[in-house]
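# Geometric and topological summary
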Protein chains: 2
Amino acid sequence: MGRAERKRPATLRTIAQSAGVDISTVSRVLNGSPEDAARAASRETADAIREWAARLDYRPNPHAKSLRTQRSNLVGVLVPRLSDVVLATIYEGIEDAAAGHGLATFVMNSHDRPAEQRARTELALSRRVDGLILGDAHHDGEFTGELAERRVPFVLVSRHAGEHPSVTCDDYLGGRLVAEHFLELGHRRAGVIAGEPFASTGIDRTAGFADRYRAEGLEVATVHSGFDTAGGHRAAERLLTETGPTAIFAVNDFAAIGALGAVRDAGLRPGIDVAVAGFNDTPLAAELPVPLTSVRSPMHEMGRRALELLITVLNGQSPESERLAPELFVRASTAR
Amino acid sequence: MGRAERKRPATLRTIAQSAGVDISTVSRVLNGSPEDAARAASRETADAIREWAARLDYRPNPHAKSLRTQRSNLVGVLVPRLSDVVLATIYEGIEDAAAGHGLATFVMNSHDRPAEQRARTELALSRRVDGLILGDAHHDGEFTGELAERRVPFVLVSRHAGEHPSVTCDDYLGGRLVAEHFLELGHRRAGVIAGEPFASTGIDRTAGFADRYRAEGLEVATVHSGFDTAGGHRAAERLLTETGPTAIFAVNDFAAIGALGAVRDAGLRPGIDVAVAGFNDTPLAAELPVPLTSVRSPMHEMGRRALELLITVLNGQSPESERLAPELFVRASTAR
DNA sequence: CTGAAAGCGCTTACAG
DNA sequence: CTGAAAGCGCTTACAG
């Protein structure tokens, strides 16, 4: 019945005894740099050690290593919600890059609530992460400012705040691309579903869009909303009844899907009577019944780059922030 | 320029020196059970110790603790893809429950590929997890069988395999609920988009659906597909041209969304000419332009329960598997 | 090339 | 009630 005891994993000591050498030699051969290893033992001794390690299925104990080296090789990641596919994909990029560097990551939800951001960060710190990647920075920069003051190594991803190192999409440019597309189609009365006011993504996308319209002497109507379908639906309803735009830019695909529904509910045809564009080009966008025009942001790549950026921070440097290029994909929702 | 040195965190030793007591007393007061703490020091000593701990912002070093106790309080979670909102939501449930038990979790993608399942599992084991939660079990039970043989503590979530402890939705019942709904609407020619053949979710949902039709003397057409929109689109196309069903059950909301598109592309009206139902009731379902009928599975709760189940396994027990109840939400996509 | 020793920060029998 | 000691599994100066 009850589970049998799992046998204790091999340690440096086990191997040292088997191979008849000192534990420190084993450490250098198995876990040291190649130069260390070469200098630590003769070819034969080293081979014998490696042979034993393989036979005993040795794996270095990370807790012992961390305790000794004062480095956990752990990175904590904060996101608003992991069930948001945008953040999940960014996290996948972080994870990929981390694995390539021998780093482990763990991710936590903050729900964009300052109290949870703080609590989760303290949790990560108490787990002795080497650094943090924040995907939930608020534009006011309050919390990130505190962290910087405490000398906690961190970088931002997806959103920027203050002067802290970040990897983002060039959201301003992305918004402008949509505006240009709309203007080419002849839409002179446009609305923006601008997302949450504390996220630089929504702020920049909206600004890029509105500035381009303003350059034509046109003002755009703006409504804030949650980054989700229901929020987009409500925002589009307001836009439709209050200002009657012929084109709507939602700064997020999910909000755009909600807008699509609101357009239809108003008895209008998306893509024909009212153009709708989103942002991020999530996998769903192209597959919707009315395929959605969207600005693709390199989510996976942003995650990868953020991890690389954190590594430079951990090396004591102060790296430049990066802004990755967006790309517009035109589909039936802005067909006319 | 360069970041200032972060000051070393307080340790038991720091506190012991400040409070003028032995380090072991501090340990018992701060990290021991309440009884230990009570027995270890007088009220005043204990209070003094706690005061110092607070003042010095003491946080136990988890690596030292894990090294000493041979318990990491770490749980590894494997999922096919975190960017699948179903698995992301389940993981959120796991995370929530884990936090409540003082456990930390980390999650990895296996992409449903056996080689990656193995590699990620070894990685988790080398990080000395206390146990694993697998959200990517394959129905053949090959890999899970190996793990059980090695006495690795684990539970399954979302999918079941073999006799291993699992927390799933009652997928068979979920499939039957859809069949009953379709039959009530008078659909006698139905098709199923059955998902991947290695996932118990798709298998059970399909079986529950088909068995109910069979009880009426009716056979259903079945096509396998990926659990994504593109796969659902292709599968629906095949179904539509080959057998011309009046109702399609996709075992996954994303596949259902693809089916919605295929129906429309075929010049048919979803919900009027062809009924379409999905599974999981992801947040999008209710918000689609044509709201999607779907079977809600308690994703978050499944995650929570899986973590609880793992804890009983870690306590050496052999718990019963759990099947949570699904619930059908009828919407416009099966309006007639 | 190889070893002996100290120490990272904890917990926990053992002793009083 | 409190302390002294051993040890978890590593790494890394130091010495030869």
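Details of the structure are given in the entry above.
Residues numbered from 1 in each chain as written. Chains lettered and ligands numbered in written order. Predicted model: local features only at pLDDT ≥ 70, side-chain atom pairs only at ≥ 80, totals over all residues. Heavy atoms only, no water.

## What about the relation of the copies chain A and chain B?
For these two chains of identical sequence, chain A goes onto chain B by a turn of 180 degrees and a shift of 0.0 Å along the axis, with RMSD 0.0 Å. In short, the pair behaves as if placed about a two-fold rotation axis. When the interface residues of chain A are mapped onto chain B, 98% of them again fall at the interface, so both copies present the same face. (Least-squares fit on C-alpha atoms with pLDDT ≥ 70 in both. Contact = heavy atoms within 4.5 Å.)

## Thoughts on the pattern of salt bridges
Where charged atoms from two side chains of opposite charge come close, those side chains can pair. All names here are of chain A. Applying the stated rule across the entire model yields 46 salt bridges over all chains. Arg-43 is paired through a salt bridge with Asp-47; the nearest N and O atoms lie 3.5 Å apart. Of this pair, Arg-43 and Asp-47 both sit in helix α4 (residues 43–55), separated by four residues, roughly a single helical turn. Classification of Arg-43 as exposed rests on a relative accessible area of 63%. (Salt bridge = Lys/Arg side-chain N within 4 Å of Asp/Glu carboxyl O. Helix = DSSP H or I, 4+ residues; strand = E, 2+ residues; numbered from the N terminus. Buried < 20%, exposed > 50% of the residue type's maximum accessible area, 1.4 Å probe, protein only.)

## Comments concerning the protein's contact with DNA strand D
Ser-27 and Arg-68 of chain A together with Asp-22, Ala-41 and Ser-42 of chain B are the nearest of the 29 residues found near DNA strand D. In the interface set of DNA strand D, defined as its atoms within 4 Å of the protein, sugar plus phosphate atoms amount to 60%. Take Ser-24 of chain B: an N or O atom from its side chain is 3.4 Å from a base nitrogen of DNA strand D. Where the surface near DNA strand D is concerned, the elements lending two or more residues are α2 (23–31) and α5 (62–69) of chain A together with α2 (23–31), α3 (34–40) and α5 (62–69) of chain B. Here the surface near DNA strand D gets five residues from one element, more than from any other, and that element is α2 of chain A. Residue composition of the surface near DNA strand D, grouped by class: nine nonpolar, eleven polar and nine charged. (Near = heavy atom within 4 Å. Polar contact = N/O pair within 3.5 Å; in protein donor to acceptor, adjacent residues only side chain to side chain. Nonpolar A, V, L, I, M, F, W, Y, C, P; charged D, E, K, R; others polar.)

## Overview of the sheet that holds strand β1 (residues 74–79) of chain B
Residues and elements named next belong to chain B. In space, the six strands of this open sheet follow the order β2-β1-β3-β4-β5-β11, with parallel pairing throughout. The sheet terminates laterally at β2 (104–109) and β11 (322–324), the two strands that pair on one side only. On average, each strand axis in the sheet is inclined to that of its neighbour by 15 degrees, with strand direction left out of account. The pairing of strand β5 (residues 166–169) with β11 spans three bridges and is classified as parallel. When the sheet's bridge partners are listed, Cys-169 is paired in β11 with Leu-324. Contacts between helix α6 (residues 85–100) and the sheet are confined to β1, β2, β3 (131–134) and β4 (154–157), with β2 contributing the most and set at about 160 degrees to the helix. (Pairing = 2+ DSSP bridges. Axes fitted to C-alpha atoms, helices over the stretch in contact; angles between N-to-C directions.)

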